[in-house]
Amino acid sequence: MAIAITAEGLAKSFGAATAVAGLDLEVRPGELLALLGPSGSGKTTFLRLVAGLETPTAGRILFDNEDATRLSVSERRVGFVFQHYALFKHMNVADNIAYGLRVRPRPTRPAKAEIRRRVDDLLDLVQLGGLGKRYPTQLSGGQRQRVALARALAVEPRVLLLDEPFGALDAKVRRDLRRWLREVHDRTGHTTLFVTHDQEEALELADRVAVFNGGRIEQVGTADDILDRPATPFVAGFVGEAVRLPVDVAGSWIRIGPHAVRTQSENVAGPAELFVRPRDFVVADDPASGIPARVVAVRRTGPARRAELFLGEGLPPVEIELAADHPVRKGDVLTVTLRTIRLFTSR
Amino acid sequence: MRDGGAQERGALAESRTVRWTLIALALTFLALFLVLPLLAVFTEALRRGFGPFLEAFAEPDTQSAIRLTLLVAAIAVPLNLVFGLSAAWAIAKFEFPGKSVLISLIDLPFSVSPVVSGLVYVLLFGAKGLLGPLMSDWDFKIIFAVPGIVLATIFVTFPFIARELIPLMQEQGTAEEEAALTLGASGFRAFLTVTLPNVKWALLYGVLLCNARAMGEFGAVSVVSGHIRGLTNTMPLHVEILYNEYNFVAAFAVASLLAGLALVTLAAKSLLEWRHGDALAPARRH
């Protein structure tokens, strides 16, 4: 029952501002796809175009093979979850969830008892059984978002669209809801698109991730694709806390400021950009075969320790991830080598 | 207010003397300019006892003035309700060219003197006015007749409801309506089940203010009415006529009715603010 969503040359401008600049995307049936990108990259506009809340300037949207571009919001039968919940304040939780069923035209509207039964089932699904009589203001943020999801699921949508669903919640609740959303998705099997600017959330939760930038899609792939094989400099720089270093490539040597590092890749030459993440650096066993770098700051991040390294004049500081028990101190000089090299020719 | 020395006062608190002087000043002002005149209205009305007071209302002209005032309000308020709702809906929920012009136009009646508002209709529909000949061809009287009074009242009172709703609806945004649409509701259904319940108290508040002004309007109505007794006299105009005829008891009796209306409005308004203050914000503070 899950359907595929296809966007063909989809574009949307608001006056002179282009929000979505003609993009193509295929969402597989039953897939959980994250739309990841910085704010203003067009991911929310894309989601609203799929929902029918915005009209595209150009392009088409297909639900399976049916052209949905001209269908109104209500005809598309999408479940939409808003960042700030958008619950109906004047209705209690049960009435919120039942809304989509009650507004149906009489022939397709379920009987009252049936509506009540469906609402109860959904309340159980979102783990809010017994809270049907509460009003939205009497719920926590996480509970409200679950009501919003139940309300969206009540209309048996063909696809589920979530706009930064956990954006307004605190870290702990986010993590719980993330896992729970994955479970609900696996159980209900809807094709699901969700917008986020949190890469950890996108990479952990989604089957595939579409990385947005400037109204276009830079790359679509699994978490492994995005993290290990970034297709563009933007993706390389956006995920994994990467730092961009301007370098010069000559043969099999990469020149980073005053230092040089060996590379195996042969398809890059001349001025280039090297993207390094904290875990790309390792402390060299042999002090002679690495880059000497001065430690300018040390901080503790979760289970690990991070040291900020100064590589040379004009280069941005980079971070190295060390074991928490590493005896590094500010002012030390570490000799480091790169174990992963992510290199792109400068444009 | 606890007894406290200088140490306990917040940075913004004034000394006790200043505080009480200001309060006394404000209360004196209120007493002089609001309470005293109001009391005067009622004492003048009841100067000769209840008999003459009630007799004033038995007068056919007075009764017709009351009827006309009710009729005008009964036409103007619902029309402005529809207009105010649609204008607020359009302004708060949609982007369109000329939106700021529309907002300024809605405020126009607040900035124009009511007399000018009335004159506009005389210049438009009067015997020598732009559309005057057309009106006499059709044998349809607007000026010095009830339609003119209704028009002038609508003009003067039309900002009340729109102004009450616009800030509230803007603050509420469009997310709930969009949610209703994605759940399969039609636009009209979304309006009825989501937008309207969210603004109902503000709407009632606006209707209250609009009604008070519609019944009390003098200037604009005076220009277009022609003061024909029993035909085109509203209550405020009737008060003036009675007063000019030295019929003080009757004048103040009718005036006391208007004052009573004002008090009821005030009470209802306070009740609304007290019970549903959150639902009125941010429009509540005037």
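Quick summary incoming for the structure in this document. None of these values were measured; they are calculated from a predicted model.

Calculation criteria
- Residues numbered from 1 in each chain as written.
- Chains lettered and ligands numbered in written order.
- Predicted model: local features only at pLDDT ≥ 70, side-chain atom pairs only at ≥ 80, totals over all residues.
- Heavy atoms only, no water.
- Helix = DSSP H or I, 4+ residues; strand = E, 2+ residues; numbered from the N terminus.
- Buried < 20%, exposed > 50% of the residue type's maximum accessible area, 1.4 Å probe, protein only.
- Contact = heavy atoms within 4.5 Å.
- Areas by Shrake-Rupley, 256 points an atom, 1.4 Å probe, with all protein chains shown as cover.
- Lys, Arg positive; Asp, Glu negative; His and termini not counted.
- Charge placed at Lys NZ, Arg CZ, Asp CG, Glu CD.
- Pairing = 2+ DSSP bridges.
- Axes fitted to C-alpha atoms, helices over the stretch in contact; angles between N-to-C directions.
- Buried area = accessible area lost by both parts, 1.4 Å probe.
- Salt bridge = Lys/Arg side-chain N within 4 Å of Asp/Glu carboxyl O.
- Polar contact = N/O pair within 3.5 Å; in protein donor to acceptor, adjacent residues only side chain to side chain.
- Phe/Tyr/Trp six-rings, centres within 6.5 Å; stacked < 30°, edge-to-face > 60°.
- Patch = residues over 30% accessible without salt bridge, like charges linked within 9 Å, V, L, I, M, F, W, Y side chains within 5 Å.
- Core = buried A, V, L, I, M, F, W, Y, C linked by side-chain atoms within 4.5 Å.
- Arc of directions from axis to C-beta.

## Regarding the overall build of chain B
Consideration 1: Regarding its fold elements, chain B presents 13 helices and zero strands.
Consideration 2: Structurally, chain B occupies a C-alpha span of about 65 × 60 × 30 Å along its principal axes.
Consideration 3: Across the 286 residues in chain B, those meeting the buried criterion constitute 39%.
Consideration 4: Excluding contacts between residues fewer than 6 apart, the proportion of contacts in chain B whose partners are at least 24 apart in sequence is 71%.
Consideration 5: As displayed, chain B has an accessible area near 15,700 Å², and 69% of this comes from carbon and sulfur atoms.
Consideration 6: Of the charged side chains in chain B, 20 are positive and 21 negative; the average position of the first set lies 5 Å away from that of the second.

## Describing the overall build of chain A
Consideration 1: Tallying secondary structure elements over chain A gives nine helices and 20 strands in all.
Consideration 2: Overall, chain A is about 80 × 45 × 35 Å in size when its C-alpha atoms are taken along their principal axes.
Consideration 3: Evaluated residue by residue, chain A yields a buried proportion of 52% over its 347 residues.
Consideration 4: Counting only contacts in chain A whose residues sit at least 6 apart along the sequence, the fraction spanning at least 24 positions is 67%.
Consideration 5: In the structure as shown, chain A presents an accessible area of about 16,100 Å², 49% of it carried by carbon and sulfur atoms.
Consideration 6: Computed over 48 positive and 43 negative side-chain charges, the inter-centroid distance for chain A is 6 Å.

## As for the environment of Leu 203 of chain A
Residue and element names in this part refer to chain A.
Consideration 1: For Leu 203, the location among the structural elements is in helix α7 (residues 199–205).
Consideration 2: Given the relative accessible area of 15%, Leu 203 is considered buried.
Consideration 3: Separated by 159 residues in the primary sequence, Leu 203 and Thr 44 have C-alpha atoms spaced 18 Å apart.
Consideration 4: Contacts of Leu 203, omitting those with residues within four sequence positions, involve Val 209, Ala 223, Ile 226 and Leu 227.

## Notes on the sheet that holds strand β20 (residues 342–345) of chain A
Residue and element names in this part refer to chain A.
Consideration 1: Pairing in this open sheet of five strands is antiparallel, and the strands run β13-β12-β11-β14-β20 from one edge to the other. Only two strands of the sheet have a single partner each, and these edge strands are β13 (259–262) and β20. Each strand of the sheet is rotated relative to its neighbour by a mean of 35°, with strand direction disregarded.
Consideration 2: Both strand β11 (residues 243–250) and strand β12 (residues 253–256) contribute to a ladder of three bridges, which runs antiparallel. Among the inter-strand pairings, Ala 250 is bridged to a residue of β12, identified as Trp 253.

## Some points on the side chain of His 259 of chain A
Consideration 1: Locating His 259 of chain A in the fold gives a position in strand β13.
Consideration 2: Not counting residues within four places of it along the chain, the set of residues in contact with His 259 of chain A comprises Ile 254, Ile 291, Pro 292 and Leu 311 of chain A.

## Notes on the sheet that holds strand β2 (residues 17–27) of chain A
Consideration 1: Taken in spatial order, the four strands make up an open sheet running β2-β1-β4-β5 (chain A), and their pairing is antiparallel. Both outer strands of the open sheet, β2 and β5 (66–67) of chain A, are each paired with one neighbouring strand and no more.

## Observations regarding the interface of chain B and chain A
Consideration 1: The interface is formed by 16 residues belonging to chain B together with 20 residues belonging to chain A.
Consideration 2: The contact between chain B and chain A buries some 1,600 Å² in all, and 62% of this surface belongs to carbon and sulfur atoms.
Consideration 3: Of all residues in chain B, the largest losses of buried area upon contact with chain A belong to Glu 176, Thr 182 and Leu 183 of chain B, amounting jointly to 42% of the total for that side.
Consideration 4: On the surface where chain B and chain A come into contact, there are two salt bridges.

## Considering the side chain of Glu 319 of chain A
All names here are of chain A.
Consideration 1: Along the chain, Glu 319 turns up in strand β18 (residues 318–323).
Consideration 2: Given the relative accessible area of 16%, Glu 319 is considered buried.
Consideration 3: Of note is the side chain of Glu 319, whose polar atom sits 2.4 Å from the side chain of Arg 299.
Consideration 4: In this structure the side chain of Glu 319 is engaged in a polar contact, spanning 3.1 Å, whose partner is the side chain of Arg 306.
Consideration 5: Setting aside its immediate chain neighbours within four residues, Glu 319 contacts Arg 277, Pro 278, Phe 281, Arg 299, Arg 306, Ala 307 and Glu 308.

## Here we look at the packing of aromatic side chains
All names here are of chain B.
Consideration 1: Counting across every chain of the model gives 18 aromatic pairs over all chains.
Consideration 2: Centre to centre, the rings of Trp 89 and Phe 94 are 5.8 Å apart; their planes meet at 70°, and the pair counts as edge-to-face.
Consideration 3: For the ring pair Tyr 243 and Phe 248, a centre distance of 5.1 Å and an interplane angle of 55° mean the geometry is tilted.
Consideration 4: Owing to a relative accessible area of 34%, Phe 248 belongs among the partly exposed residues under this scheme.

## Quick word on a nonpolar patch on the surface
Consideration 1: Taken together, Trp 20, Ile 23, Leu 27, Phe 29, Leu 30, Leu 32, Phe 33, Leu 34, Val 35, Leu 36 and Leu 39 of chain B make up a surface patch of nonpolar side chains, about 1,100 Å² in accessible area.
Consideration 2: Inspection of the secondary structure puts Leu 30 of chain B in helix α1 (residues 16–45).

## A look at the nonpolar core
A general trend in soluble globular proteins is that nonpolar side chains are found buried together.
Consideration 1: Counting residues in hydrophobic clusters, the biggest one holds 46 residues, and the most contacted among them are Ile 97, Leu 149 and Val 209 of chain A.
Consideration 2: A total of seven residues in this core trace back to one element, the largest contributor, which is helix α5 (residues 141–154) of chain A.
Consideration 3: Each residue touching Ile 97 of chain A, except ones within four places of it in the same chain, is listed here: Val 119, Leu 122, Leu 123, Val 147, Ala 150, Arg 151 and Ala 154 of chain A.
Consideration 4: Among the nonpolar cores identified, the runner-up in size contains 42 residues, and Leu 49, Val 78 and Ala 210 of chain A together with Leu 183 of chain B belong to it.

## As for the pattern of salt bridges
Residue and element names in this part refer to chain A.
Consideration 1: Counted under the stated rule, the structure contains 38 salt bridges over all chains.
Consideration 2: We note a salt bridge from Arg 117 to Glu 114, for which the minimum N-O separation is 3.2 Å. Remark: Glu 114 and Arg 117 occur in helix α4 (residues 112–125); sequence separation between them is three residues, near one turn of the helix.
Consideration 3: For Arg 117, a relative accessible area of 42% puts it in the partly exposed group.
Consideration 4: Residue Glu 114 is classed as partly exposed on the basis of its relative accessible area of 26%.

## Examining helix α2 (residues 50–58) of chain B
An α-helical segment advances 3.6 residues per turn. Residues three or four places apart therefore align on the same side.
All names here are of chain B.
Consideration 1: Of the residues making up α2, those classed as buried are Phe 53, Ala 56 and Phe 57. Angularly, the buried residues of α2 cover 95° about the axis, an arc narrow enough to put them on a single face. Residues of α2 that are exposed and point over 90 degrees away from its buried face: Leu 54, Glu 55 and Ala 58.
Consideration 2: In this structure, the buried residues of α2 make contact with α1, α3 (60–93) and α13 (248–280).

## Concerning the environment of Ala 202 of chain B
All names here are of chain B.
Consideration 1: Its location among the elements puts Ala 202 in helix α10 (residues 187–216).
Consideration 2: When its relative accessible area of 0% is taken as the criterion, Ala 202 is described as buried.
Consideration 3: Distance from Ala 202 to Ile 23, taken between C-alpha atoms, is 30 Å for residues 179 residues apart in sequence.
Consideration 4: Discounting chain neighbours no more than four positions away, the residues touching Ala 202 are Glu 164, Leu 165, Leu 168 and Leu 280.

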